[in-house]
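Working through the structure, step by step
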Amino acid sequence: MSLVVDDDQKNSFLVHVEPFLPLDVFVSFRGEDTRTNFTSHLYSALSRNGIKAYMDDEGLEKGRDVWPSLSQAIEDSHVAIVVFSKNYASSRWCLEELVKVLECRKKMGQVVIPVFYEVDPAEIRNQRGVYGEAIAEHERGLLGDKSVEEVKKIVSAWKDALMEAANISGRDTRSREYKNESQVIDQIVEDVLKKLELRFPNELQVNLVGIDKSCKDVSLLLSKSKSKNVHVIGIWGMGGIGKTTLENVKEAPQNIGQSKLTSLREKLLSELLKYEYLNSTTNTFIRRRLSNKKALVVLDDVDDSEQLEQLCRECSYAGPESKVIITTRNKHLLRGIVDEDDIYEVKTLSFGRSVELFCLSAFKDWVPKKGYEDLSQRAVDYAGGVPLALKVLGSNLRDTSIEFWDSELNKLKDYPYDGIQKVLRVSYDGLDILEQKIFLDIAFFFKDENKYFVEKILNASGLFAVSGIKVLTNKALITISKDKKIQMHDLIRDMGLNIVRQGIKDPGKRSRLKDIEEVSDVLEYKRKGSDAIEGIKLDLSQIDDLHLNSKAFSMMSDLRYLKLYAPSGKTLGNMVYPEVLNEFSGKLSYLEWHGYGLKSPPENLFTQRLVEICMPHSHITKLWHGVKVKDIFRKLNQCMLISLLYERLFLFMWQNLVSLERIDLSECKELANLPDLSKASKLKSLNLSGCESLAELHSSIWSLDALEILALDGCRKLTSLRSEKHLKSLKTISVNGCTSLREFSVSSRVMECLDLRNAGIEELHQSIQRSSKLKSLYLDSLILNYLLRIFQMSYHSLRIFQS
């Protein structure tokens, strides 16, 4: 049969699919000439190379009752090898086999390889010498049993077969091309292998889709010259991506014991040396034998360093030009064994190739069935270019209705296919506890976030994120983009979501929450949460009416991450707030809450682990209640010393800002003042834009050596910004729209951008000229025109923008 396929260039090509035949080779020979020498050696060589050959080596006298099975064996073979020897034609059975072989050649396209063993092909072609005598002898013998016409017909068929076979290109053992029979046999085996390769369909075109380029890339790696050493290459990628393109030596890699590993080593050596039992390569004779072997070894799906090290050590003793291919999900295992340039990463399929592979599985065709086009696209989008997922989806949806397809695809979001998840989960199960936490955090909260931002947040929770993220990258669970964003395949993300949700019906007892229904359920009811919850993320633009319970967070003692936000351009949904929020977690490292509706953050908000506070468009008037705490302790009926000790300890825990790097209180219209931030020694960014009620900045701001960005746009009540200190790190400051600002005296040697537009500045201190790296200066057209001359004379690369 034939299939017509369109590739990406719209070129059509035909793929011929051969029928299945149980035998590779049929060997026709004269037993008394070659059974114990040439033909037996040829048969052994074919078997060693994995070629299934039929050879009648019993030496029994044949009768008509065995001819049907013999004839069937010839028909069941892809290739026929005819060994012409001195007495080949003296056997009627050999001549009958030859006629049958050539009949199969004509009708079935069987490949015929003649071997001329110590005979002249011309004698066979022209039936001279012993071949002529043998034919004449047969003809005389037949005349006693058959008519003259029957004998002529039989003899004519034999002669025609001998002539045709002798004209086929074959191997002549008398040729000077060969030094010995061993070389002839090697050449015959090579011929057979090439012929068989051509006889079978190309799996890249029939069974597999989209790996043409990958195969070319791997072939290019294999072709590199490594004449002195065994050449090892690695193929690396996520589970189900299609790393296993070749397979020779394979065992289940997980949790392999020492006895199993020893058995695997013995199997490897036995395969290489074709010997059933071997001790190890500590035997110098075995090493010597290996050094004479040119081998190709494939170690598939390796996930254990000890396993890989021992197997590669055995392979390292193989001869020059030997190749070892290692496939793994863990790139780190390849380091020290495979050169970086010899590691090939298997990527996901393109959308077009994904459609082809899915359709072959779902419809046994290259394109979707009519009416299934949109559903097929949904399925392909879900699979995300992962071959395993495309195949599983296609096979599960095959021969089902449109309604079934729609139902199954809707179900996948919450209930992924086990067949896909089990393959993907192997890498997750190989992580340690902290690495698993990092993986789940990324799946729920940090997909597409900046790598360095994620590391900061996770490190504040004691998760050692730098090494953890590296491990996840090596295991192909995440990738890092060129712009340092953490990326995770949707199927792997869904696996993470499923791990957290699986088997836990009550969302309040799950470790991470992000679905609107489960988050709403936990936040609206008293004591619905638990100490199992470590992170919550909720898009507030999706809620309609959420009534926040005052003790919603009271049981979440291990809460590390809280993000209640609205995407840019989206409107916040309606959240009804209680009068106060209390009993907040002391482990919080990230707090983002858009439109927070109370006058201050939760009273028990401990800040020692907080890396970022992001509360734009909130109703807060102050960031926290330092003064109120003092009042509380003063009311306690305790001695003054104990009260003072408790007060200082509590303030240390509460306002210890040692981890804080960013504060965003933009558009908090009611914010009137800031607390003392002198303890925030790592604070890099402070955004107070749109804080219309803010009349002054706390003086501690000017003591922050790490501060790089200060945004005060639209702070209409600010009248003065004056720093007695030259800031070390401040690069950008903006006071655009600070209409009441009259005095501005802030400078930094590293300042690059200064925006003074729409401000009421009447005086600029001369210290501004110390900002020698200033690149961009934004000025209002009415402000101190003489400054233009000063700046233009002092800064050659300065760009001045006037509104």
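Remember, predicted model here, so these are calculated numbers, not experimental data. (Residues numbered from 1 in each chain as written. Predicted model: local features only at pLDDT ≥ 70, side-chain atom pairs only at ≥ 80, totals over all residues. Heavy atoms only, no water.)

**Brief notes about the packing of helix α19 (residues 433-446) against helix α21 (residues 465-474)**
It is the contact of α19 with α21, at a shortest axis distance of 9 Å, that shows an interaxial angle of 75°. Judged by the inter-axis angle, α19 sits roughly perpendicular to α21. Only Ala465, Gly468, Ile469, Val471 and Leu472 of α21 make contact with α19, whose side of the interface consists of Glu435, Ile438, Phe439 and Ile442. Counted by class, the contact of α19 with α21 contains seven nonpolar, one polar and one charged residues. (Axes fitted to C-alpha atoms, helices over the stretch in contact; angles between N-to-C directions. Helix = DSSP H or I, 4+ residues; strand = E, 2+ residues; numbered from the N terminus. Parallel < 35°, antiparallel > 145°, perpendicular 65-115°, else oblique. Contact = heavy atoms within 4.5 Å. Nonpolar A, V, L, I, M, F, W, Y, C, P; charged D, E, K, R; others polar.)

**Points about the pairing of strand β19 (residues 590-593)**
For a regular strand, side-chain orientation follows a simple rule: the groups alternate between the two sheet faces. Residue alternation in β19 divides its side chains into two sets, Tyr590 and Glu592 and Leu591 and Trp593, and both sets are buried. Relative to β19, strand β17 (residues 561-565) is paired through four bridges, and the arrangement is parallel. Note that in β19 the partner of leucine 562 across the bridge is leucine 591. (Buried < 20%, exposed > 50% of the residue type's maximum accessible area, 1.4 Å probe, protein only. Pairing = 2+ DSSP bridges.)

**Here we look at the confidence of the model for the protein chain**
For the protein chain, mean pLDDT is 80; residues scoring 70 or higher make up 78% of the total. Below pLDDT 50 for its whole length, residues 245-261 participates in 33 contacts with residues either more than four positions away or in separate chains. Of the regions scoring below 50 in pLDDT, residues 626-637 engages in 12 contacts with residues more than four places distant in sequence or in other chains. (pLDDT = per-residue confidence, 0-100.)

**Points about the pattern of salt bridges**
Going through the model one piece at a time under the given rule, you end up with 41 salt bridges. The salt bridge involving lysine 100 is made with glutamate 75; its shortest N-O contact spans 2.6 Å. Residue lysine 100 is located in helix α4 (residues 92-108), and its partner glutamate 75 is located in helix α3 (residues 67-75); the two are separated by 25 residues in the primary sequence. Of the charged contacts in the structure, one is a salt bridge between arginine 560 and aspartate 441, with a shortest N-O distance of 2.9 Å. (Salt bridge = Lys/Arg side-chain N within 4 Å of Asp/Glu carboxyl O.)

**Some details on α3**
Regarding α3, the residues found buried are Trp67, Leu70, Ser71, Ala73 and Ile74. End-on, the buried residues of α3 take up no more than an arc of 155°, which puts them together on one face. Where the residues of α3 are buried, they touch β3 (23-28), β4 (53-54), β5 (77-84) and α4. (Arc of directions from axis to C-beta.)

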